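# Results of the structural survey
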Amino acid sequence: MTDEIKISVITIVYNGESYVERTIKSVIYQTYKNIEYILIDGASTDGTMKIVECNREYFHTIISEPDKGIYNAMNKGLRLASGDYVIFMNAGDCLASDDVLEKVVASVGNESQLPDLIYGNYREMGESALEKVIPCYSHERAWYGMFASHQSIFYRLGILRDNNITFDETYKVAADYKLTLQTVITGKKFLKLPFCISAFDVSGVSCKNQDLGLYEADRVRKEVLKMSWIKRHGIIVISKTSRYVKKYLGFLYRIYRY
């Protein structure tokens with residue numbers, strides 16, 4: 001039965017009183033109810049925990065304590081998770097609709113076995129409104145970079161545990177890419193979904209540190225794929241060109257992207 005599939009949703013937050021509520025609501029309003037909701041707070045000093053406490057009944061686990069950074073907090077969440085799948089919906093990010101988890105689980109029910117990784121489309125979310133849906137790439141292009149937003153990827157917890165895959169805390173912004181790439185090269189079955197999974201906050205860490213992200217993604221390709229310098233350098237050139245086209249020639253970006 002597909003309703004036996006448990007989804008662990010993990011939210012990481014620190015001083016997020018102005019936006020954490022929208023994340024919480026996007027999770028607790030889901031029509032699919034077999035959810036294990038875990039929140040890891042980095043000892044916020046604002047009103048974040050007051051908002052969390054108002055919704056305590058919906059959480060399986062709440063931890064509020066100092067941490068060593070976002071990936072340290074995400075690893076805490078991973079250790080606590082017990083679902084069949086885990087997805088990270090950090091403060092400010094939202095699931096795309098109230099029935100998105102129901103649609104994901106229904107799609108899994110059509111498969112002969114549980115996929116190791118499930119992913120779909122996403123939206124960027126600014127201060128004013130949602131942007132248009134951005135189609136995900138195929139996981140076969142993981143060598144290039146994140147083929148979907150981290151908030152639109154479900155990882156089968158079993159494959160992470162069996163292969164000791166966690167977030168590498170020596171990274172500042174690209175540990176999610178490393179974990180995803182490790183899952184892709186380890187996994188055997190993947191499910192690409194044709195609908196929008198999430199809307200992610202473009203004010204997040206990775207969006208604000210794109211140059212560092214390029215450097216760390218290069219490091220991931222070297223460490224995980226053992227890719228040569230020439231190939232890695234070529235990817236950096238393509239990535240920088242793509243960023244330029246997106247910023248200054250937006251009407252050409254969709255053509256260039258594919």
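Now for a quick tour of the structure. (Residues numbered from 1 in each chain as written. Predicted model: local features only at pLDDT ≥ 70, side-chain atom pairs only at ≥ 80, totals over all residues. Heavy atoms only, no water.)

Below, the discussion takes up the nonpolar core. Grouped together as the largest cluster of nonpolar side chains are 35 residues, with contacts concentrated most on Leu78, Val86, Phe147, Leu160 and Phe167. With five residues, helix α6 (residues 175-186) is the single largest residue contributor to this core. For Phe147, the contacting residues outside a window of four places in its chain are Leu117, Tyr119, Cys136, Tyr137, Ser138, His139, Ala142, Ile153, Thr180 and Val184. In terms of nonpolar packing, the next biggest core, distinct from the first, is built from 32 residues, Val13, Ile62, Ile87 and Ile118 among them. (Core = buried A, V, L, I, M, F, W, Y, C linked by side-chain atoms within 4.5 Å. Buried < 20%, exposed > 50% of the residue type's maximum accessible area, 1.4 Å probe, protein only. Helix = DSSP H or I, 4+ residues; strand = E, 2+ residues; numbered from the N terminus. Contact = heavy atoms within 4.5 Å.)

On to the packing of aromatic side chains. To describe a pair of aromatic rings, one takes the distance between the centres and the angle between the planes. Scanning the entire structure with this criterion turns up seven aromatic pairs. An angle of 20 degrees between the planes, with centres 5.7 Å apart, marks the rings of Tyr71 and Phe167 as stacked. With Tyr71 in helix α3 (residues 70-80) and Phe167 in the loop between α5 (157-162) and α6, the pair connects residues that are 96 residues apart, well separated along the chain. Both residues of the pair, Tyr71 and Phe167, belong to the buried class. Centre to centre, the rings of Tyr137 and Tyr144 are 6.5 Å apart; their planes meet at 80 degrees, and the pair counts as edge-to-face. Accessibility classification places Tyr137 together with Tyr144 in one group, the buried group. Here Lys103 stacks its cationic end above the ring of Phe195, 4.3 Å away from the centre of that ring. Its guanidinium or amino end placed over the ring of Tyr171, Arg219 lies 3.9 Å from that ring's centre, counting from NZ or CZ. (Phe/Tyr/Trp six-rings, centres within 6.5 Å; stacked < 30°, edge-to-face > 60°. Lys NZ or Arg CZ within 6 Å of the ring centre and 35° of its normal.)

Inspection of the secondary structure assignment puts Gly92 in the loop between β4 (85-88) and β5 (94-95). The class for Gly92 is buried, based on a relative accessible area of 0%. The sequence separation of Gly92 and Thr23 amounts to 69 residues, and the corresponding C-alpha distance is 5.7 Å. Look past the residues within four positions of Gly92 in its chain and what remains in contact with it is Tyr19, Arg22, Thr23, Met125 and Asp201.

Moving on, we get to α3. Of all 11 residues that make up α3, eight are buried, and the element is covered over most of its length. Here α3 has its buried residues at Tyr71, Asn72, Ala73, Met74, Asn75, Lys76, Gly77 and Leu78. Next to the buried residues of α3 lie β1 (7-13), β2 (35-41), β4, α5 and α6.

To continue, consider unusual backbone geometry. If a residue is not glycine, its phi is most likely negative; likewise, a peptide bond is most likely trans. Even without being glycine, Ala43 reaches a positive phi, approximately 65 degrees. Tracing the backbone shows Ala43 in the loop between β2 and α2 (48-54). When its relative accessible area of 26% is taken as the criterion, Ala43 is described as partly exposed. With a phi close to 55 degrees, Lys226 is a non-glycine residue in the positive phi region. Here Lys226 is to be found in the loop between α8 (210-225) and α9 (229-248).

Taken residue by residue, helix α1 (residues 20-28) has Val20, Thr23, Ile24, Ser26, Val27 and Ile28 as its buried positions. Buried residues along α1 sit in contact with β1, β2, α2 and β5.

Glancing now at the packing of α6 against α8. Between α6 and α8, the shortest axis-to-axis distance is 10 Å and the interhelical angle comes to 30 degrees. For the element pair α6 / α8, the angle class is roughly parallel. Seen from above, α6 lies across α8 with right-handed handedness. Together, Tyr177, Lys178, Leu181, Gln182 and Ile185 of α6 and Ala217, Val220, Arg221, Glu223, Val224 and Leu225 of α8 make up the contact between the two elements. Class assignment of the residues belonging to the contact of α6 with α8 gives a composition of seven nonpolar, one polar and three charged. (Axes fitted to C-alpha atoms, helices over the stretch in contact; angles between N-to-C directions. Parallel < 35°, antiparallel > 145°, perpendicular 65-115°, else oblique. Left-handed = near helix turned anticlockwise from the far one by under 90°. Nonpolar A, V, L, I, M, F, W, Y, C, P; charged D, E, K, R; others polar.)

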